[in-house]
Amino acid sequence: MAKVLMKGNEAIAEAAINAGCLYYFGYPITPQTEISEYMAKRMPKVGGLCLQAESEIAAINMVLGASSGGTRAMTSSSSPGISLKSEGVSYLVGSDLPAVIVNVQRGGPGLGGIQPSQADYYQATKAYGHGDMHLIVLAPSTVQEMASLTGEAFDLADIYRTPVILLADGAIGQMMEPVDFSARTPRELPEKDWATRGHGGSRKHNIINSLYMNPEDLERTVEERYVRYRKIEAEEVKYDTFMTDDADIVCVAFGITARICHTAVTMARAKGIKAGLIRPITLWPFPNDAINTLADTAKAFLSVELSMGQMVTDVKLACGCRRPVDFYGRTGGVIPNPADVAKKLEAMASELGLRS
Amino acid sequence: MAKRIIIVAGHYGAGKTNVAVALAHAHKDDAGGCVLCDLDTVNPYFRAADNAAELNAAGVRTVIPAYANTNVDIPVLPAEIASVFCSDETVIFDVGGDDGASALGVYAADIERAGYEMLAVVNMYRPLIADPADAVAGMREIEQYSRLRFTGIVNNSNLGAETTKRHIEASAEYAERVAALAGLPIVYTTVVGEENAPESVPAGEILVMKNSTKQLF
């Protein structure tokens, strides 16, 4: 298929339809409402359903219902609406149901603001729901990745029977870039023999449930889930690097911030600073090994985020605190420009005695 | 001197703001001056308000919604818009995409009284209007929302930063189909940078534009 020009949000919606998602449940909120609008126009044409729920909570529970039946379902929102869905997300995990949840982040806490943000990092990677649980967290950085990682999210959700978060930001959601929907090869998927589909009495009935009467049964179920989590950590880490081979200072950034850092690294290089960039594409599982390996040669890391520095701890843990991890970021919907980041890299280079 | 109102409308993300900003620059030396009026109540980030400083420096007056580019999405249009109907300025209206054109409908009577041109910005690389029939169906909806009628087509077919001359040339047939289906003339074919201008266009003029979209990185 030839390339088309799309907003990041539209690319998510079209990619979901391409991935065979037939059920989209949402509730409008800036800066992700284009997903709902696009779904409303396209879903009827492909025999699917786009439903504007009465609330975000209703939408996530509709996803739970649709997924129980073995179909691909998605919901999307932005930060405040994402918080509302958290109970349903935990129930999805507890029921071992695949689902794709899109968060096009805006400023917080509270209603915050409509400008871009990455301040839901902790929420997405550490504790989106109650209980012993993880979610796979994917962080697209281009409109192309909004499409390809949406497809990947559906596949990962089905393979590991887990909800997957697409953690985008308002900037990637709103900006327009060319996108090619044929760029991704779908993965081999397991049969959904657990789904509560009608079967005419041909088998034992399936039950979708997150309540366990006996503590031992719940413990066993959670432990089995953690075996899957270990497999995800071993096999599904994704990241990208730029000029890290000889880098003294390695930026760590995802989403729109990685695009800003890419330019900042080039600017710093022009001034003789050996800067590089590692871009986690999966935020959980985090690219611990890749960062740890970079710590063998890099002298320092710089985490760059649209938040107060929520990823810093993960970078410190990844490198075993062997190198200093500095932070540069803006929050509240303010976006730093590449020159701001380059200036920070220059200051670090001076502190580390890397420049004459 | 006849008052001139040029309305730039069309599908969401078709490139209306870039076209509106280019037209404002093209009309900045008009006898009565030029005003660009941002009527977009739909887009939270990328909008004509981003170009206000540059337009003002070029001598173009701008009328921008009060909350544009703030942290709230309150679609309030300023009372100042009324001023464009009692001046000699050439008025460029940058309208929100699709149903965002309902904001334009508020001023339909004033616009009708003054006389107007309403340009439909189309881009064959936007999937929901890639089929000329869909593009024209969308235009008809916008006419309903705005209570005004399109008078011409702007072929703004582009693939963003990846646009080449070949992409623009390949869109000529599409633009002709849209124009024929809508029963309207092609007024402009746009290019960003003169080097991308095709040798010839089926009808109308070539509008050379700058990329006026806010750059984040």
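Residues numbered from 1 in each chain as written. Chains lettered and ligands numbered in written order. Predicted model: local features only at pLDDT ≥ 70, side-chain atom pairs only at ≥ 80, totals over all residues. Heavy atoms only, no water.

1. Considering the overall build of chain A
Summing up its helical and strand segments, chain A has 13 helices and 14 strands in all. Oriented by its inertia axes, the alpha-carbon framework of chain A measures out at about 80 × 45 × 40 Å. When burial is assessed residue by residue, chain A has 58% of its 356 residues classed as buried. Counted over contacts in chain A with a minimum sequence separation of 6, partners at least 24 positions apart contribute 80%. When the accessible surface of chain A is summed, it comes to about 14,000 Å², and 53% of that surface belongs to carbon and sulfur atoms. Taking the average location of the 35 positive side-chain charges in chain A and that of its 40 negative ones, the two points are 3 Å from each other. (Helix = DSSP H or I, 4+ residues; strand = E, 2+ residues; numbered from the N terminus. Buried < 20%, exposed > 50% of the residue type's maximum accessible area, 1.4 Å probe, protein only. Contact = heavy atoms within 4.5 Å. Areas by Shrake-Rupley, 256 points an atom, 1.4 Å probe, with all protein chains shown as cover. Lys, Arg positive; Asp, Glu negative; His and termini not counted. Charge placed at Lys NZ, Arg CZ, Asp CG, Glu CD.)

2. Re the interface of chain A and chain B
Listed as interface residues are 32 residues of chain A and, on the opposing side, 23 residues of chain B. Buried area between chain A and chain B, both sides added, is near 2,400 Å², and the carbon and sulfur share of it is 60%. The largest contributions to the chain A side of the interface with chain B come from L5(A), I114(A) and Q115(A), which together make up 24% of the buried area. Taken together, chain A and chain B are joined by three salt bridges. Put simply, chain A and chain B have 14 residue pairs in polar contact (both at pLDDT 80 or more) between them. Every element with two or more residues in the side of chain A that touches chain B is listed here: β1 (4-7), α2 (33-42), α8 (170-174), β8 (176-179) and α10 (255-270) of chain A. When grouped by side-chain class, the residues that make up the side of chain A that touches chain B number 16 nonpolar, eight polar and eight charged. (Buried area = accessible area lost by both parts, 1.4 Å probe. Salt bridge = Lys/Arg side-chain N within 4 Å of Asp/Glu carboxyl O. Polar contact = N/O pair within 3.5 Å; in protein donor to acceptor, adjacent residues only side chain to side chain. Nonpolar A, V, L, I, M, F, W, Y, C, P; charged D, E, K, R; others polar.)

3. With respect to the domain arrangement of chain A
All names here are of chain A. Per the domain assignment, the segments making up chain A are domain 1 (4-198 + 206-235) and domain 2 (240-351). Using C-alpha coordinates to define each centre, domain 1 is positioned 27 Å away from domain 2. Facing 30 residues of domain 1, the contacting portion of domain 2 comprises 25 residues. Taking both sides of the interface into account, the surface hidden between domain 1 and domain 2 amounts to around 2,300 Å²; carbon and sulfur atoms contribute 58%. At the boundary of domain 1 and domain 2, one finds three salt bridges. With a shortest N-O distance of 2.5 Å, R259 and E177 are connected by a salt bridge. On inspection of domain 1 and its partner domain 2, the count reaches 18 residue pairs in polar contact (both at pLDDT 80 or more). Elements that contribute at least two residues to the side of domain 1 that touches domain 2 include exactly α6 (121-125), β6 (136-138), α7 (143-160), β7 (163-169), α8 and α9 (215-235). (Domains from an automatic or database assignment.)

4. Overview of the sheet that holds strand β12 (residues 282-284) of chain A
All names here are of chain A. The strand order β3-β2-β4-β5-β7-β6-β12 describes an open sheet built from seven strands, whose pairing is mixed. The open sheet is flanked by β3 (49-52) and β12, the only strands paired with a single partner. Mean inter-strand twist for the sheet, computed between neighbouring axes without regard to direction, equals 20°. In this structure, strand β4 (residues 73-77) lies alongside strand β5 (residues 99-105), joined through four bridges in parallel fashion. Looking at β5, one finds that M74 is bridged to V100. Running over the sheet, helix α3 (residues 56-68) touches β2 (23-26), β3, β4 and β5 and is turned about 165° from β4. (Pairing = 2+ DSSP bridges. Axes fitted to C-alpha atoms, helices over the stretch in contact; angles between N-to-C directions.)

5. Some details on the pairing of β5(A)
Residue and element names in this part refer to chain A. With seven of seven residues buried, β5 is to be regarded as a mostly interior element. With seven bridges connecting them, β5 and β7 associate as parallel partners. Looking at β7, one finds that V102 is bridged to L166.

6. Side note on the nonpolar core
Membership of the largest hydrophobic core comes to 114 residues, with the highest contact counts inside it found for I35(A), M39(A), M74(A), I291(A), F301(A), L302(A) and V341(A). Counting residues per element, this core draws most heavily on α7(A), at nine residues. Two domains each put at least three residues into this core: domain 1 (4-198 + 206-235) and domain 2 (240-351) of chain A. Setting aside chain neighbours within four positions, we find V341(A) in contact with I260(A), C261(A), A264(A), L302(A), V304(A) and Y328(A). If you look at the next biggest cluster of nonpolar residues, it comprises 36 residues, including L104(B), A135(B), I153(B) and I186(B). (Core = buried A, V, L, I, M, F, W, Y, C linked by side-chain atoms within 4.5 Å.)

7. Describing α7(A)
All names here are of chain A. If you check α7, its first and last C-alpha atoms are 25 Å apart, about what 18 residues at 1.5 Å a residue would give, namely 26 Å. For α7, a buried count of 16 out of 18 residues is recorded, marking the element as mostly surrounded by other parts of the structure. Just beyond α7, the residue with positive phi is R161, at close to 50°. (Expected span 1.5 Å × (residues − 1).)

8. Description of the packing of aromatic side chains
Scanning all chains against the criterion turns up seven aromatic pairs over all chains. Three or more aromatic residues joined by ring pairs form one cluster here, namely Y226(A), Y229(A) and W284(A). (Phe/Tyr/Trp six-rings, centres within 6.5 Å; stacked < 30°, edge-to-face > 60°.)

9. Things to note about the packing of helix α1 (residues 8-18) of chain A against α7(A)
Residue and element names in this part refer to chain A. For the pair α1 and α7, the least separation of the axes is 8 Å and the interaxial angle reads 30°. For the pair α1 and α7, the crossing hand works out as right-handed. Every residue of α7 that contacts α1 at G8, N9, A11, I12, A15 and A16 is listed here: V143, M146, A147, T150 and F154. Of the residues contributing to the contact of α1 with α7, the split by class is eight nonpolar, three polar and no charged. (Left-handed = near helix turned anticlockwise from the far one by under 90°.)

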